[in-house]
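A structural walkthrough
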Amino acid sequence: MLQVIQNVRNGQLEVKEVPPPALQSGGLLVRTAASVISAGTEKMIMDLAKKSLIGKARERPDIVRQVLQKARSQGFVNTFHNVMTKMDKPLPLGYSAAGVVESVGDGVTDIKIGDRVAIAGAGYASHAEMNFVPRNLTALIPENVSFEQAAYTTVSAIAMQGIRLAKPELSEIVVVSGLGLIGLIAIQILKANGCRVLGMDLSRDKVELGMRLGLHEGVVLGEDDPHRAVDRFSNGRGADLTLITAATSSNQPVELAGEITRRKGRIVVVGAVGLNIPRDVYYKKELELRISMSYGPGRYDRSYEEGGLDYPYDYVRWTEARNIESVLELMSRGALDVDSLTTHRLSIQKAPDAYQMIYGATEPYVGILLEYDLKRQQEPIVSVAATNSHKKSDRLGVGFVGAGNYSSVFLLPHLKSNPAVQLTGLTSATGLNARQKAEKFGFSYCATEIQPLLEDAMIDAIFIGTRHSTHAEFTTQALNAGKHVFVEKPLVVNEEQLDAVIDSYQKANAKKTTGLMVGLNRRFAPMIIKLKDALDSVSALQMIYRVNSGSIPTSTWLHEADEGGGMLVGEMCHFIDLMQFVCGQRPSTVYAQSLRANSQKVSDYDNLSIVISFDGGSVGTLCYNTVGNSAFPKEHLQVFGGGIAAVMDDFRSLEIVKGGRPTRVKAANQDKGQSREVSETIEAFRTRGEAPIPFAELVAGMRVIFGARQSLISGQPVKLIV
């Protein structure tokens, strides 16, 4: 399918052929008929993308602070690679569109294939021939509303939310400052609400269009005096409400709003403008200033937008979805005219011309519609490089599933640089990410479903870097297809999945030797290898592992039991595996306590003390917390036994004291073992048909996790299945 993308690093904009997105539960695949370019918002994105690295840093000092903090903890080189990887990520443009439902995901029961829908959301309602959209970001289009009209729905909902926040009353005097797309929509909604509206803009053409759409009076800034106009329009009282819908870095709209709004009046900022509030005028008039957040309650709430949880109607009357439905209803009864806003219509193939017009201001514009061919064939696989008809016998054919940030920094570069690997197919949930990563790392083709990789005879091993909840499903599918598997941690998120993986692994190995590897990379770190060598002759060890993780928002998907499994499942498996590796023994008993005892909430499993007894007499204690300070080093491991004491601090330093003679190692950058992990996995798969970590150890580590969860509930130690 065709999609409009922006390169974040250099600002280049193009239309690319990418695979259509994958259908996911709780959402819809929508074949796009029309989308609207929101010129103000999208021009700001273009402006930022075209800035130099220093210019981008000046725009986002908050991110610069995060980068500097990461550099202090992980080293400059690692941080630089992280930043560059994110800069390479292409940006999908667009957030307001309409089309026809192509397929329906699990959990969606009120929309069917063939329905006409308006769709919303950056990253969802993109300028693309096909979009995956969660249910709460869609609305059915009334019969008498066209695709072109419905494409304006999200933009209109932004204006609607700003007006709802202002709570205008019948006959109130309202000033709309900025008559771009959102401002021209806002004046019509305000008029439908019974308000008297004055609009102002720098463009005479936009003011005249506003007059045709219902303005009671218009002001051309730079030609007319806005103060006199508002004074005359309000009989000397000032505006009851000023709605700022301009898009400018200037502070002038906020300053002017304070001057023309009456004492105790309201000002609502909808557009992106300078917000250096002039205290004197706002203080003396006791003005109320509000900033509208996009298109309604639910915006930026993952549980609403992606999880499908709606807010109770009686308590949150107007959500994102209900604002969208309200806008469509206004269009249906003729109270909102968006046809008059359309100044340009272009095919998706001509989208760069539209953006060039916007960026270069080569001609006047308001509403720019992109049109799509609903009958164009969508190919599930897109070739990226010349496909090899055969594979060299000494190379391992690799397919990759899920190319997120971690995979792009710590796995894919090592696969690309390994001469024993032949990169074949890559899949990701979004076609845009699949195409970009396949091109960057040298895969032959890309897709958004795993099936082409499972069926490809040239692929010997499948690497999986998707979200935790999918690990077990993709692992069993790959094992059943006779492929070696590398899956990022955790192997599974519950015991039922663990049983399923064990069953698939045993069946696969009954036919031939098949390797299953989990991304427990810390045991491959150079400092850990050195530590292991020093302790090799010691029979029993005392291990204390402190992890200062820093605050982790409870809203993250990691805390969802079925999605991420919480930090106990999603991250603590790393540290349990490392202690298992260091002592070389199998865990036999586990006892866990939390800061909130006897709780079954996944988010309460973030701050734990876990004590593990091993079958050879070793004992490991994991203290994992999120209530510390992220400026403090994250990981600290102390090991004692056989007259040896060792301390590893955040993979930046290691000290081993043996026989009274200390050995110290320091590193400029963290090395948590990902490079060696990948190379040893490739070698093991290719030459021995097995994984570098024995399968029994992978299973034992997960049993510790589930035993710790059981111990938290019961308050008692749990004996593990060995």
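Structure: above.
A brief look at the structure comes next. Quick caveat: nothing in here was measured; it's all calculated off a predicted structure. (Residues numbered from 1 in each chain as written. Predicted model: local features only at pLDDT ≥ 70, side-chain atom pairs only at ≥ 80, totals over all residues. Heavy atoms only, no water.)

Considering unusual backbone geometry
Cis geometry is found at the peptide bond from Lys 489 to Pro 490, where omega equals -5°. Assignment of secondary structure puts Pro 490 in the loop between strand E22 (484-487) and helix H20 (495-511). One non-glycine residue, Tyr 300, lies in the positive phi region at around 70°. Among the structural elements, Tyr 300 can be located in the loop between strand E14 (288-291) and helix H12 (302-305). We note that Phe 651 has phi near 60°; this positive angle belongs to a residue other than glycine. Mapping Phe 651 onto the fold places it in the loop between strand E29 (644-649) and strand E30 (653-658). The class of Phe 651 is buried, set by a relative accessible area of 1%. (Helix = DSSP H or I, 4+ residues; strand = E, 2+ residues; numbered from the N terminus. Buried < 20%, exposed > 50% of the residue type's maximum accessible area, 1.4 Å probe, protein only.)

Details of the sheet that holds strand E32 (residues 718-719)
Strands sit in the order E31-E30-E29-E28-E24-E27-E26-E25-E32 across an open sheet of nine strands; the sheet is mixed. The two strands at the open ends of the sheet, each matched to only one other strand, are strand E31 (661-666) and E32. Across six bridges, strand E24 (residues 542-548) lies against strand E28 (residues 635-641) in antiparallel orientation. Within E28, the position partnered with Val 547 by the bridge is Glu 635. Where helix H21 (residues 526-534) meets the sheet, it contacts E28, E29, E30 and E31, and its direction lies at approximately 10° from that of E30. (Pairing = 2+ DSSP bridges. Contact = heavy atoms within 4.5 Å. Axes fitted to C-alpha atoms, helices over the stretch in contact; angles between N-to-C directions.)

Concerning the packing of aromatic side chains
A full pass over the atoms with the stated rule returns seven aromatic pairs. On the basis of an interplanar angle of 15° and a centroid distance of 6.2 Å, the ring pair of Phe 400 and Phe 463 is categorised as stacked. Of this pair, Phe 400 sits in strand E18 (residues 396-401) while Phe 463 sits in strand E21 (residues 461-464), and the two are 63 residues apart along the sequence. We classify Phe 400 as buried; its relative accessible area is 0%. Centre to centre, the rings of Phe 575 and Tyr 624 are 6.0 Å apart; their planes meet at 35°, and the pair counts as tilted. Note that Phe 575 is positioned in helix H23 (residues 572-583) and Tyr 624 in strand E27 (residues 619-625), a separation of 49 residues in sequence. Neither residue differs from the other here; Phe 575 and Tyr 624 are each classed as buried. Aromatic ring contacts, followed pair by pair, group Phe 400, Phe 463 and Phe 486 into a single cluster. Above the plane of the ring of Phe 233 lies Arg 196, whose end atom (NZ or CZ) is 4.4 Å from the centre. (Phe/Tyr/Trp six-rings, centres within 6.5 Å; stacked < 30°, edge-to-face > 60°. Lys NZ or Arg CZ within 6 Å of the ring centre and 35° of its normal.)

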